[in-house]
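Take a look at the letters that make up each chain.
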Amino acid sequence: MSNEPTKVDAKGYWSATVKLTISLLVIWFAVSYGAGVLLRDVLDNVSIGGAPLGFWFAQQGAIYVFVALIFYYCFAMNKIERKYGVKG
Amino acid sequence: MDWTIFFVVASFGTYIGIALWARAGSTNDFYVAGHDVHPMINGMATAADWMSAASFLSMAGLIASLGYGGSVYLMGWTGGYVLLALLLAPFLREFGKFTVPDFVGDRYYSTAARVIAVICALFVSFTYIAGQMSGVGIAFSRFLGVDFNTGILVGMGIVFVYAVLGGMKGVTYTQVAQYCVLIFAYTVPAIFISMMITGNPVPQLGFISNVRGEDVSMLENLNQVVTELGFIEYTSTNKSWIDVFAITGALMFGTAGLPHVIIRFFTVSSASAARVSAGWALVFIALLYTVAPAVGAFARYNIIDTVNETTYIETDDYAVAAEGITSDGGTPVPEWFKNWERTGLVGFEDMNGDGLMQIRGPNAPDGLANEVTINNDISVLASPEIAQLPEWVIGLMVAGGLAAALSTAAGLLMVISSAISHDLCRRTLFKGMSDKTELRIARVAAAGAVAAAGLMGMNTAKLAFVAQVVAFAFGLAAASLFPIIFLGIFWKRMNKEGAIASMAFGLISTFSYIYYFKFVDTDPSHWFLGVSPEGIGFVFMFFSAIIGIVVSLLTAPPPQEIQDLVEDIRVPGTRTRHGSVDEDMGPMDDHTPTPAE
């Protein structure tokens, strides 16, 4: 397994990837299970437009954040890949 | 009627044309469309693959009747893509083979594991596909005046042409066309209806806007309307939070574990393309999924508004009777209701004998009984009629519903045929089979699966039954497939024994629980931890992961080459370089990519 032309720091790459993954999953959890389910009653006291905020997160907001999360993940992974010499 | 025929014929013609253009020449084309689909194109195809007759026809209706409770579908069926993008898709693409059982069989160096994964994949896909076929039958029987079973036969014929001839390549490009049809069909009526109710043409904004010309928000108004009739508030639910949590989880993890979704990510060129592609897929899915709650709320509003307290018409001569009622100062039952009554999906029984149609919830303040039954599934298909939109919108809607059903059916057929021809025949029973033979078997298997799916569709005439069965698909994918794929990537120590124990537990426990509480004991108070059959896959997923980990730790670690394989799939670029010498790769070696591809 050593026919790579450049030195790849696989260990560093993997730990950076795992760290990024965990922090994004925290946000994923917070906007769906958090805002949309567990904290809904609290958030529903606030309104966004004409919708209670918790309800809105469960039916709209979480989905928008999910899309943003994946694209941010792509962006951050490209950066990690450059940093550790991994060619994606 | 004419518009409907026009849209259906035009869209079907397009699909066939694309299928003839994109014929598969090798197993590589047939299973993974040559591994070179553009990430955005794959994202669009994934969205069509994913959004089924249930998403298109049933989901908004479910949301309309469940209100906040319907959020489980919205969060569950989109949040799964985050898991897919972060935890599975890039690594499975880096692994670089054809099917989910392929990964399981190689990662766990075991034929038994491969065969169990084949069983899971087949079970999940067959339960799912029956629903698509009966969706096709419903669309045909209501709108084209064709018999339900004939409708299914026509649908089978179309899918046969592009799935059997074109394989994944044909399926990919027809799915792109089907996505365009279905998203257009879903959004156009939603825009019209949003304009009518709120004055805002963007349904996502109309959803949070005020009722047109009034100083009260649409949702607040809806809450008021439904509570006055004795329903619970639209923005609340009577499900326990634990159940909402578990169902959302089962749908999310189930989505990420569904084989027909995962295999779409084998068609792109690299791990990073798989990540981007998952993002695009979710963008295209979100276009429909953020409109759906608006469609649901508007439908609930419109149905109550047009039906409640109107005078029922018994006779077939609608126009004359309606005129009579209007001239007496009453409001006649809307014509769409009479149209749909023939399908049995809506019904009226005059409990108090006053000739008026009362819609009431379980706690109606005036003590009246509910007299009107409306099947959730019509909320979308009937919404253009309810809102009195022009006839071409209805035709468009039908073509969209068919596109959603057919594209998902085709994706599932690919899973079924590759599980049989590749995993069962080539990798298990007849090792050393040639690429040509395998391709032939794949086509025969796809043809057989089309026939089987059609027959299943004919025997499940009601979508409501299908919705029940789909609970099986997600629960099983979450509890049996997700844990072992995830652990297979993120935990090197996971071994064959652990994987088999985990899959077997997930499959048996989830299947038994759902079967028992759906068909034997339907009393919710007996549920384990208060979790419904729809959500149980989420709970058993954790058990199945724990069992896998414990069994792995008690048995010997996986061989060194497997641990190396795991290291390789974690880092993009390494596997494709090493993996090409794997003697089992078979078809991949036959494929010599031309530089211009």
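Keep in mind that this is a model prediction, so the values were computed, not measured. (Residues numbered from 1 in each chain as written. Chains lettered and ligands numbered in written order. Predicted model: local features only at pLDDT ≥ 70, side-chain atom pairs only at ≥ 80, totals over all residues. Heavy atoms only, no water.)

Participant: Explain the side chain of Asn308 of chain B to me, please; I cannot follow it from the model alone.
Facilitator: Residue and element names in this part refer to chain B. Looking at the secondary structure, you find Asn308 in the loop between helix H14 (292-307) and strand E1 (310-311). By relative accessible area, which is 17% here, Asn308 ends up buried. At a separation of 3.5 Å, a polar atom in the side chain of Asn308 contacts the side chain of Arg360. (Helix = DSSP H or I, 4+ residues; strand = E, 2+ residues; numbered from the N terminus. Buried < 20%, exposed > 50% of the residue type's maximum accessible area, 1.4 Å probe, protein only. Polar contact = N/O pair within 3.5 Å; in protein donor to acceptor, adjacent residues only side chain to side chain.)

Participant: Mind showing me how you'd approach H14 of chain B here?
Facilitator: Residues lying three or four places apart along an α-helix face the same way, a consequence of the helix completing one turn every 3.6 residues. All names here are of chain B. Taking 1.5 Å per residue as the helical rise, H14 with its 16 residues ought to reach 22 Å, and the 22 Å between its terminal C-alpha atoms agrees with that figure. The buried count for H14 comes to 14 of 16 residues, which makes it a mostly enclosed element. Two residues or fewer past H14, Glu309 is found with a positive phi of approximately 65°. (Expected span 1.5 Å × (residues − 1).)

Participant: Quick question: what am I supposed to make of the interface of chain A and chain B here?
Facilitator: When the parts of a complex come together, some accessible area is lost, and that lost area is often taken as the interface size. Facing 45 residues of chain A, the contacting portion of chain B comprises 58 residues. In this assembly, chain A packs against chain B so that about 4200 Å² is buried in total across both faces, 75% of it on carbon and sulfur atoms. Per-residue buried area on chain A facing chain B is highest for Trp14, Gln59 and Ile70 of chain A; these three make up 15% of the total on that side. Linking chain A with chain B are 1 salt bridge. The interface formed by chain A and chain B holds 11 residue pairs in polar contact (both at pLDDT 80 or more) in total. Residue assignment for the side of chain A that touches chain B shows that the elements contributing at least two residues are helix H1 (10-38), strand E2 (51-52) and helix H3 (53-83) of chain A. At 18 residues, the largest contribution of residues to the side of chain A that touches chain B is made by H3 of chain A. (Contact = heavy atoms within 4.5 Å. Buried area = accessible area lost by both parts, 1.4 Å probe. Salt bridge = Lys/Arg side-chain N within 4 Å of Asp/Glu carboxyl O.)

Participant: Even after reading the chapter, I still don't get the domain arrangement of chain B, so can you show me in this structure?
Facilitator: Residue and element names in this part refer to chain B. The domains assigned to chain B are domain 1 (2-298 + 390-590) and domain 2 (299-381). Between domain 1 and domain 2, the buried area comes to about 2400 Å², and carbon and sulfur atoms account for 64% of it. For the domain 1 face of the interface with domain 2, the top three residues by lost area are Arg142, Leu229 and Phe231, together amounting to 25%. At the level of secondary structure, the elements contributing two or more residues to the side of domain 1 that touches domain 2 comprise helix H4 (53-66), helix H7 (111-143), helix H8 (148-198), helix H10 (218-228), H14 and helix H21 (463-490). Here the side of domain 1 that touches domain 2 takes 8 residues from H4, the largest share from any one element. Considering only residue class, the side of domain 1 that touches domain 2 consists of 22 nonpolar, 7 polar and 2 charged. (Domains from an automatic or database assignment. Nonpolar A, V, L, I, M, F, W, Y, C, P; charged D, E, K, R; others polar.)

Participant: Sorry, what's going on with the confidence of the model for chain A here?
Facilitator: It should be kept in mind that the predicted coordinates are not to be read in detail where pLDDT is low. Overall, the predicted model of chain A reaches an average pLDDT of 86, with 91% of residues at or above 70. Looking at the elements of chain A, mean pLDDT is at its lowest for strand E1 (residues 47-48) of chain A, recorded as 82, and at its highest for H3 of chain A, recorded as 92. (pLDDT = per-residue confidence, 0-100.)

Participant: Just checking my understanding: could you explain the pattern of salt bridges for this structure?
Facilitator: In a structure, side chains of opposite charge can pair up when their charged atoms sit close to one another. Applying the stated criterion across every chain, the model contains 9 salt bridges over all chains. Measuring nitrogen to oxygen at the nearest pair gives 2.4 Å for the salt bridge that ties Arg275 of chain B to Glu81 of chain A. Taken together, the positions of Arg275 of chain B in helix H13 (residues 271-289) and Glu81 of chain A in helix H3 put the pair across two chains. Exposure class is identical for Arg275 of chain B and Glu81 of chain A. Each is buried. For Glu341 of chain B, the salt bridge is made with Lys338 of chain B, and the minimal N-O distance between the two is 3.0 Å. In this pair, Glu341 of chain B and Lys338 of chain B are both assigned in helix H16 (residues 335-341), 3 residues apart and thus about one turn of the helix distant. Here the residues in one salt-bridge network are Arg40, Asp41 and Asp44 of chain A, joined through shared partners.

Participant: So what exactly am I meant to see when it comes to the packing of aromatic side chains here?
Facilitator: In this description, an aromatic ring pair is defined by two values, namely the gap between the centres and the angle between the planes. Taken as a whole and assessed by the stated rule, the structure comprises 47 aromatic pairs over all chains. Ring centres of Phe538 of chain B and Phe542 of chain B lie 5.2 Å apart, and the angle between their planes is 85°; on these two criteria the pair is classed as edge-to-face. Pair noted here: Phe538 of chain B and Phe542 of chain B are both in helix H23 (residues 536-554), with a separation of 4 residues, about one helical turn. You can call Phe538 of chain B buried: its relative accessible area is 10%. The ring centre of Tyr68 of chain B lies 3.7 Å from the NZ or CZ of Arg40 of chain A, which sits over that ring. Against the face of Phe231 of chain B rests Arg300 of chain B, its NZ or CZ located 5.0 Å from the ring centre. (Phe/Tyr/Trp six-rings, centres within 6.5 Å; stacked < 30°, edge-to-face > 60°. Lys NZ or Arg CZ within 6 Å of the ring centre and 35° of its normal.)

Participant: Sorry if this is basic, but what is going on with the nonpolar core here?
Facilitator: In globular proteins that are soluble, nonpolar side chains generally tend to be buried together. Core analysis: the largest hydrophobic core is formed by 237 residues, its most contacted members being Trp28 of chain A together with Trp50, Leu88, Phe253, Tyr289 and Phe337 of chain B. Here this core gets 20 residues from one element, more than from any other, and that element is H8 of chain B. Split by domain, the residues of this core number at least three in each of domain 1 (2-298 + 390-590) and domain 2 (299-381) of chain B. Residues within four places of Phe337 of chain B in sequence aside, it is in contact with Val307, Tyr312, Val346, Gly347, Phe348, Met357, Val372 and Ile374 of chain B. (Core = buried A, V, L, I, M, F, W, Y, C linked by side-chain atoms within 4.5 Å.)

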